[in-house]
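A closer look at the structure
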Amino acid sequence: MTKTNAGRFFEDYTLGEVIRHAVPRTLAEGERALYHALYPQRFALQSSDAFALTCGMDGAPLDDLIVFHTVFGKTVPDVSLNAVANLGYAEGRFLKPVYAGDTLRSESEVIGLKQNSNGKSGVVWVRTTGFDQMDEPVLSYVRWVMVRKRDQAQAAPEAVIPTLEEVVSIDDLAVPEDLTFEHYDFDLAGERHRAADYRIGEIIDHVDGTTIEEAEHMLATRLWQNTAKVHFDATHREDGKRLIYGGHVISLARALSFNGLANAQMIIAINGGAHANPCFAGDTVRAWSEVLDVAQVRPGIAALRLRLVATRGAAGALRGEDGKYLPDVLLDLDYWALMPA
Amino acid sequence: MTKTNAGRFFEDYTLGEVIRHAVPRTLAEGERALYHALYPQRFALQSSDAFALTCGMDGAPLDDLIVFHTVFGKTVPDVSLNAVANLGYAEGRFLKPVYAGDTLRSESEVIGLKQNSNGKSGVVWVRTTGFDQMDEPVLSYVRWVMVRKRDQAQAAPEAVIPTLEEVVSIDDLAVPEDLTFEHYDFDLAGERHRAADYRIGEIIDHVDGTTIEEAEHMLATRLWQNTAKVHFDATHREDGKRLIYGGHVISLARALSFNGLANAQMIIAINGGAHANPCFAGDTVRAWSEVLDVAQVRPGIAALRLRLVATRGAAGALRGEDGKYLPDVLLDLDYWALMPA
Amino acid sequence: MTKTNAGRFFEDYTLGEVIRHAVPRTLAEGERALYHALYPQRFALQSSDAFALTCGMDGAPLDDLIVFHTVFGKTVPDVSLNAVANLGYAEGRFLKPVYAGDTLRSESEVIGLKQNSNGKSGVVWVRTTGFDQMDEPVLSYVRWVMVRKRDQAQAAPEAVIPTLEEVVSIDDLAVPEDLTFEHYDFDLAGERHRAADYRIGEIIDHVDGTTIEEAEHMLATRLWQNTAKVHFDATHREDGKRLIYGGHVISLARALSFNGLANAQMIIAINGGAHANPCFAGDTVRAWSEVLDVAQVRPGIAALRLRLVATRGAAGALRGEDGKYLPDVLLDLDYWALMPA
């Protein structure tokens with residue numbers, strides 16, 4: 001009997017099946033500190049208990065992307081160990097703030113299956129939910145991946161493609177009940193701009209860049225208990241490179257976006273995202289944002305819909321004339337953030 | 001008067017002497033998070049307070065190897081600063097779970113001395129005990145090292161070689177009183193195999209590999225306040241390489257062993273160990289295990305005796321025809337782990 | 001409207017102006033653990049709650065330099081983003097121990113301005129104060145930097161050069177009220193030498209060296225939310241090198257100084273400091289100290305005034321015949337530390 005996990009193949013997924021993922025994880029002050037060492041994170045809400053208290057929270061919540069990576073990391077051994085490609089995200093909603101001391105675990109429901117016409121692989125859609133130690137959901141999102149078949153001779157399952165919202169509706173944002181920006185201190189937050197100061201279509205060049213080291217992305221990826229070989233084992237790819245976990249690029253870009261979006265305190269939903277090109281150590285990553293929408297969610301609190309782009313190249317450049325992502329573009333993320341109105 | 005510590009030489013040790021080591025260290029959430037960032041650690045018991053509570057513990061204990069490295073690190077300035085070689089370990093017993101907030105210190109008793117026939121060095125055996133802030137022992141182990149003499153003209157002490165058990169007896173395992181696997185959740189733990197599913201002689205290839213970076217092993221080694229120059233100073237060796245602390249390899253291999261031994265939740269004893277070959281940054285380390293014994297320790301709780309091998313090479317390969325470790329083998333560790341029976 | 005912070009230029013500072021810096025930061029166990037992983041820190045007072053309790057403290061305070069870097073880091077976007085050079089420090093006083101869970105923020109008052117004769121830049125003196133969540137000051141220091149002018153045609157302000165003490169007076173040291181070395185355990189602290197064992201003029205070679213990695217200095221510098229591009233972006237300088245934050249070198253040298261100054265438990269004042277030469281990854285940093293003064297501050301407690309030098313070269317060598325720092329010298333720091341008398 002083989003003791004090790006070879007991962008699931010396309011034919012191992014059944015529509016409607018719920019997978020309980022290993023390993024639950026308690027997140028605490030150490031994870032917060034490491035996150036702030038790994039990324040140039042400066043959003044005041046997650047940085048300061050004192051600031052968070054003035055915003056109505058019970059101290060600084062853990063960074064929303066710590067929650068995302070932790071919930072996501074648990075799915076890797078069951079969902080993406082034999083994945084050929086991570087195709088997309090949708091309907092990501094942060095449902096409850098997570099604080100130091102909370103323990104997270106994940107479950108995924110298979111909500112779509114479609115074999116590729118070549119018969120060698122198929123697309124699997126899962127809706128993943130992260131739960132805390134009280135079994136309350138803290139995050140939910142849909143992700144779809146292309147997975148190899150073990151046995152090409154296996155019959156294809158009936159194709160079911162889930163209907164997914166292109167954008168999380170404002171009414172579906174789970175804005176924390178006690179959150180308030182009434183006593184918000186713009187000096188301490190680092191910038192003066194409220195949501196009203198941003199206009200749709202505005203491009204923000206976040207200016208700063210970070211050159212990535214192998215040790216850093218591996219520390220991060222292990223912290224989320226993401227076990228995909230390709231991030232850690234330099235002998236795995238023929239070119240001897242370690243592919244950087246896409247989430248590392250998300251966190252890096254989000255942190256860089258502080259410079260120009262310092263008041264976008266909280267990611268509340270992820271509408272979609274694409275890892276446009278692979279990222280490797282030695283790359284210098286920059287970020288720019290485009291304001292896609294601005295909406296009021298409650299008196300004093302607005303949501304900004306933002307496109308966040310991580311790139312090795314220039315701000316504003318996204319796709320070539322062929323409609324494809326430019327080779328320097330690493331990430332194209334569409335999310336809602338909360339900000340003083 | 002020289003203020004700095006030049007380390008002890010062979011003639012500085014006296015049989016029966018007890019050395020109180022500096023520096024006591026409080027271990028907390030930060031050390032846990034760093035450990036989980038430095039190694040691909042996924043054992044549920046140390047990862048999740050919630051999981052640990054269902055196992056009867058007062059929350060997740062700190063990883064057993066955090067305790068080992070911390071207790072060991074303190075001995076370095078007094079025991080191995082002038083060591084030529086770390087020769088072996090025996091009779092390692094984890095005596096009490098350590099939780100975030102506990103403070104550890106170490107003492108070593110000199111239990112054996114034997115000058116080498118060349119008169120230039122000798123072997124020193126110490127029994128090291130780690131204590132917590134209540135002066136209760138948390139770990140005890142024997143280690144022997146070859147240490148240089150300062151002055152070859154010094155007379156040799158009477159040779160005393162301690163009698164050491166080859167294996168820690170099952171009756172001597174300090175299984176935590178409240179530990180229970182009655183409500184054990186195999187889904188959350190990550191694998192289905194109980195102790196009964198392993199057979200003696202079984203070889204488990206843990207599949208995954210990690211390429212080591214300089215920054216990582218130095219972060220780890222400093223965290224344990226292990227000050228041996230050779231790990232940090234690239235000018236120390238003629239080849240300009242920094243030797244990786246053997247404990248880094250132990251932790252890496254143990255973490256990799258999750259894949260196939262996910263339910264081996266707790267190291268409870270170390271029977272012996274050899275750092276077979278030096279490890280350097282750039283090495284890609286893999287691990288395999290051999291089941292050496294299985295024993296019942298209490299209803300529902302078994303102990304697996306495991307050989308854990310870290311290697312740059314293939315699973316299962318350990319020694320050449322000459323009986324010596326193969327050049328790719330880095331570590332050969334013999335330990336007892338607790339697992340649902 | 002540009003959303004990003006372009007930093008201040010010389011003409012943007014007004015004498016007497018107080019700048020409230022972003023972003024407040026809660027420091028906890030995670031920051032402590034990272035600090036001890038990034039530097040070979042072994043001072044017992046900051047390492048062990050148990051040891052600190054015997055010294056009259058409420059558990060181990062956070063390392064004094066964690067406080068310094070955190071308070072300093074906040075000033076970077078407002079003070080040194082367009083700085084040509086960090087010219088000096090003076091009158092640094094640690095005013096209150098900081099414990100895990102405290103939240104720090106910074107303010108700077110402009111206390112001096114002097115345009116350079118070339119009309120292209122000027123020197124700005126600020127007195128920066130760090131406050132905790134109770135708005136009590138924890139650290140105060142003066143720093144002066146050379147800052148570019150945005151517009152050379154702008155008239156120079158009236159030159160005001162503050163009068164600064166060359167050394168913080170013994171009477172101005174804010175020795176924690178409850179601190180006592182009455183029950184001090186020299187074994188656990190790691191060395192036997194009291195203040196009385198050091199003589200003025202004594203040079204201590206701290207022996208150990210550390211070769212610096214890119215990942216390490218970036219982790220550290222981000223942890224202090226220091227955003228200066230030059231530390232992170234390999235494309236920023238023409239030579240493709242990332243300049244290491246001067247504070248990283250301070251912390252490294254201070255940690256190395258344990259070997260010979262293990263009982264210099266607490267930095268209580270910084271009299272002055274110069275970053276003599278830039279430091280880059282790959283450098284092997286060593287440290288040596290010179291005893292500049294010894295003073296009694298309270299029964300049983302002495303202050304040692306120390307020159308701490310970080311160097312790539314030999315202990316004791318500081319300046320060339322021309323009076324300039326030798327090219328290997330990285331740091332020349334003048335500080336007061338508390339030690340058993």
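Figured I'd write up the structure that's included with this text. Worth saying up front: this structure is predicted, and the values here are computed from it rather than measured. (Residues numbered from 1 in each chain as written. Chains lettered and ligands numbered in written order. Predicted model: local features only at pLDDT ≥ 70, side-chain atom pairs only at ≥ 80, totals over all residues. Heavy atoms only, no water.)

1. Describing the overall build of chain A
The helix and strand inventory of chain A stands at 8 helices and 11 strands. By the compact-globule yardstick of 20 Å for 341 residues, chain A fits well, its C-alpha radius of gyration being 20 Å. For chain A, the spread of C-alpha atoms along the three principal axes comes to 65 × 45 × 35 Å. With 341 residues in all, chain A has 64% of them scored as buried. For chain A, contacts bridging at least 24 residues in sequence account for 78% of all contacts bridging at least 6. When the accessible surface of chain A is split by element, carbon and sulfur atoms take 48% of a total near 11,700 Å². (Helix = DSSP H or I, 4+ residues; strand = E, 2+ residues; numbered from the N terminus. Rg over C-alpha atoms; globule rule 2.2 N^0.38 Å. Buried < 20%, exposed > 50% of the residue type's maximum accessible area, 1.4 Å probe, protein only. Contact = heavy atoms within 4.5 Å. Areas by Shrake-Rupley, 256 points an atom, 1.4 Å probe, with all protein chains shown as cover.)

2. Thoughts on the pairing of strand 10 (residues 301-311) of chain B
Residues and elements named next belong to chain B. Of all 11 residues making up strand 10, 11 are buried, and the element is well covered by its neighbours. Of the two faces of strand 10, both are covered, the one formed by Ile301, Ala303, Arg305, Arg307, Val309 and Thr311 as well as the one formed by Ala302, Leu304, Leu306, Leu308 and Ala310. Of the strand pairs in this sheet, strand 9 (residues 284-298) and strand 10 are connected by 11 bridges, and their pairing is antiparallel. Bridged to Val291 within strand 10 is Leu306. The pairing of strand 10 with strand 11 (residues 329-340) spans 11 bridges and is classified as antiparallel. Looking at the pairing, Arg305 lines up with Trp336 of strand 11. (Pairing = 2+ DSSP bridges.)

3. Observations concerning the interface of chain A and chain C
Contacts between the two partners involve 45 residues from chain A, matched on the other side by 35 residues from chain C. For the pair chain A and chain C, the summed buried area comes to about 3,100 Å², and 56% of that belongs to carbon and sulfur atoms. For chain A, the biggest contributors to the area lost against chain C are A:Ala37, A:Arg42 and A:Leu188; these three give 21% of the whole. The interface formed by chain A and chain C holds 7 salt bridges in total. There are 20 residue pairs in polar contact (both at pLDDT 80 or more) connecting chain A and chain C. At the level of secondary structure, the elements contributing two or more residues to the side of chain A that touches chain C comprise helix 1 (29-38), helix 2 (44-47), helix 3 (49-54), helix 5 (186-189), strand 7 (203-211), helix 6 (214-223), helix 8 (258-261) and strand 9 (284-298) of chain A. Among the elements that line the side of chain A that touches chain C, the one with the most residues is strand 7 of chain A, at 8 residues. Considered class by class, the residues forming the side of chain A that touches chain C number 18 nonpolar, 14 polar and 13 charged. (Buried area = accessible area lost by both parts, 1.4 Å probe. Salt bridge = Lys/Arg side-chain N within 4 Å of Asp/Glu carboxyl O. Polar contact = N/O pair within 3.5 Å; in protein donor to acceptor, adjacent residues only side chain to side chain. Nonpolar A, V, L, I, M, F, W, Y, C, P; charged D, E, K, R; others polar.)

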